[in-house]
Amino acid sequence: RYHHTSMSRLCSCSKTASDEKYQDPFQLGRKDLKNLYEDIKKELLVSTSELKEMCDYYFDGKGKAFRPMIVVLMARACNIHHNNSREVQASQRSVAIIAEMIHTASLVHDDVIDDANSRRGKMTVNQIWGERKAVLAGDFILSAASVALARIGNTTIISVLTQVIEDLVRGEFLQLGSKENENERFAHYLEKTFKKTASLIANSCKAVSILGCPDPKVHEIAYQYGKNVGIAFQLIDDVLDFTSCADRLGKPTAADLKLGLATGPVLFACRQFPEMNAMIMRRFSKPGDVERARKYVLQSDGVQQTTYLAQRYCHEATREISKLRPSPEREALIQLTEMVLMRDK
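What counts and what doesn't
- Residues numbered from 1 in each chain as written.
- Predicted model: local features only at pLDDT ≥ 70, side-chain atom pairs only at ≥ 80, totals over all residues.
- Heavy atoms only, no water.
- UniProt positions renumbered as here; feature names shortened; annotations may be inferred.
- Salt bridge = Lys/Arg side-chain N within 4 Å of Asp/Glu carboxyl O.
- Helix = DSSP H or I, 4+ residues; strand = E, 2+ residues; numbered from the N terminus.
- Phe/Tyr/Trp six-rings, centres within 6.5 Å; stacked < 30°, edge-to-face > 60°.
- Buried < 20%, exposed > 50% of the residue type's maximum accessible area, 1.4 Å probe, protein only.
- Contact = heavy atoms within 4.5 Å.
- Expected span 1.5 Å × (residues − 1).
- Polar contact = N/O pair within 3.5 Å; in protein donor to acceptor, adjacent residues only side chain to side chain.
- 1 Å grid on protein atoms, 1.4 Å probe; cavity = no way out; pocket = protein on both sides within 12 Å on 5 of 7 lines; lining within 4 Å.
- Points joined across faces, edges and corners; volume = space filled by probe spheres on them.
- Nonpolar A, V, L, I, M, F, W, Y, C, P; charged D, E, K, R; others polar.

Per an unreviewed UniProt entry, the protein goes by the name All trans-polyprenyl-diphosphate synthase PDSS1 and belongs to Cepphus grylle. The UniProt entry for the protein carries this comment under Sequence similarities (unreviewed entry): "Belongs to the FPP/GGPP synthase family." The UniProt entry for the protein carries this comment under Cofactor (unreviewed entry): "Mg(2+)".

Enquirer: Quick one: what's the story with the pattern of salt bridges, residue by residue and with numbers?
Expert: Scanning the entire structure with this criterion turns up 20 salt bridges. Here Arg319 ties to Glu316 by a salt bridge, and the two come within 2.9 Å at their closest N and O atoms. On the criterion of helical spacing, the pair formed by Arg319 and Glu316 is a turn pair, its members being 3 residues apart in helix α18 (residues 302-321). Salt bridges here are not isolated pairs; linked through shared partners, they connect Glu316, Arg319, Glu320 and Lys323.

Enquirer: I'd like a rundown of the packing of aromatic side chains, residues and numbers included.
Expert: Each aromatic ring pair is described using two quantities: the centre-to-centre distance and the angle formed by the ring planes. Evaluation of the coordinates by the stated rule reveals 7 aromatic pairs. When the centroid spacing of 6.5 Å and the interplanar angle of 45° are considered together, the rings of Tyr37 and Phe59 count as tilted. Separated by 22 residues along the polypeptide, Tyr37 in helix α4 (residues 36-43) and Phe59 in the loop between α5 (49-58) and α6 (66-83) bring together distant segments of the chain. Taking the relative accessible area as the measure of exposure, Tyr37 reaches 12% and is therefore buried. Residue classification places Phe59 among the buried residues on the basis of a relative accessible area of 0%.

Enquirer: Let's hear about the environment of Ile128: which residues, and what values?
Expert: By the secondary structure assignment, Ile128 is in helix α8 (residues 125-129). Each C-alpha atom, one on Ile128 and one on Leu149, is 30 Å from the other, the two residues being 21 residues apart in sequence. Ignoring any residue separated from it by four or fewer positions in sequence, one finds Ile128 in contact with Tyr57 and Met123.

Enquirer: So what about helix α11 (residues 182-212)? Which residues, and what values?
Expert: With 31 residues, α11 extends 42 Å between its outermost C-alpha atoms, agreeing within 8% with the 45 Å of an ideal straight helix rising 1.5 Å per residue. With 25 of 31 residues buried, α11 is to be regarded as a mostly interior element. The residue sitting at the N-terminus of α11 and contributing the capping side-chain oxygen is Asn181; that oxygen lies 2.8 Å from the backbone nitrogen of Asn183.

Enquirer: Lay out empty space enclosed by the protein with the relevant residues and their values.
Expert: Taken as a whole, this structure holds 3 cavities of 30 Å³ or more when the rule is applied. Its boundaries defined by the atoms lining it, the largest cavity holds a volume of some 190 Å³. Contributing to the lining of the largest cavity are 16 residues, with Gly177, Ser178, His188, Leu261 and Ala262 lying nearest its centre. Those elements that place two or more of their residues in the lining of the largest cavity are α10 (155-176) and α11. Per-element tally for the lining of the largest cavity: the top contributor is α11, with 4 residues. For the lining of the largest cavity, the residue count by class is 6 nonpolar, 6 polar and 4 charged. For the second largest cavity, the calculated volume is near 40 Å³. Every residue along the wall of the second largest cavity is listed here: Glu182, Arg185, Phe186, Leu267, Cys270 and Arg271. Of all elements in the fold, only α11 and α15 (264-272) reach the threshold of two or more residues within the lining of the second largest cavity. The residue inventory of the lining of the second largest cavity, partitioned by class, reads 3 nonpolar, no polar and 3 charged.

Next up, the structure:
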């Protein structure tokens, strides 16, 4: 078991060993992501001003563009590995744009399903324009992403990225259900986490590797890196729901409990406080359930255990990406795994 505070010691060793090679991923990827949001808005050419306003609302350029960043860094790392090419192909950059569009469409739909009222520190689309219009806006962003995907003109890439959309829907359905058995419950949670969060990163990484390199081994490395980073990212997100303040997070804390969801910290806490089982099965629906569950989680080692699990996934991501030929981009992708663990919002 590792405590949150020991994380910096645990995962900073690679950085000190390779200070010369250390690259800020966001600096390194910035060139390829220049005008990213303007290019997304060009994909969303719409006739009605209201729909345009809704679609542009989350594409305000204020997000960290975490997913497109991983995608362009992976593209460069695979291109260098294959033939030492340092350029990102236009089709690879398109994958980064499509990934951000699919992700944003899923946020719009998630906020409707969850009846959320804030996202990234501002009101949600459904709060401003209403649920019906928000659903349509999410659909429209998804359809524009599909058009951009078809334009790449590669059936393998279409197949890889449409898998993401299927996984998002299946993941949402998984989230609506729960399991009685404790082991099944954890497997259910990890499968939901993969489908809702990690599949997009894994398959986008795989897509750019296919476009940049013919070697199936490289495609698997890219996929495994994206999958492991994606799961770790969500695990830390689930930790922050208990440890971060709402202002920092940009959305209300204990949001998952209020939605009736048992995430990693809750499932680990349940082993120390079996009385939580009944609360999980009734999805924290009784008065006082949310507050009690939150208290149990913070009294248990649920947060530390979930953090430790995230560290294991990041370690696996690093192990995979280290199989590629050394490059600044490969180092930046390793660095990104540390940033995933250390983030506080």
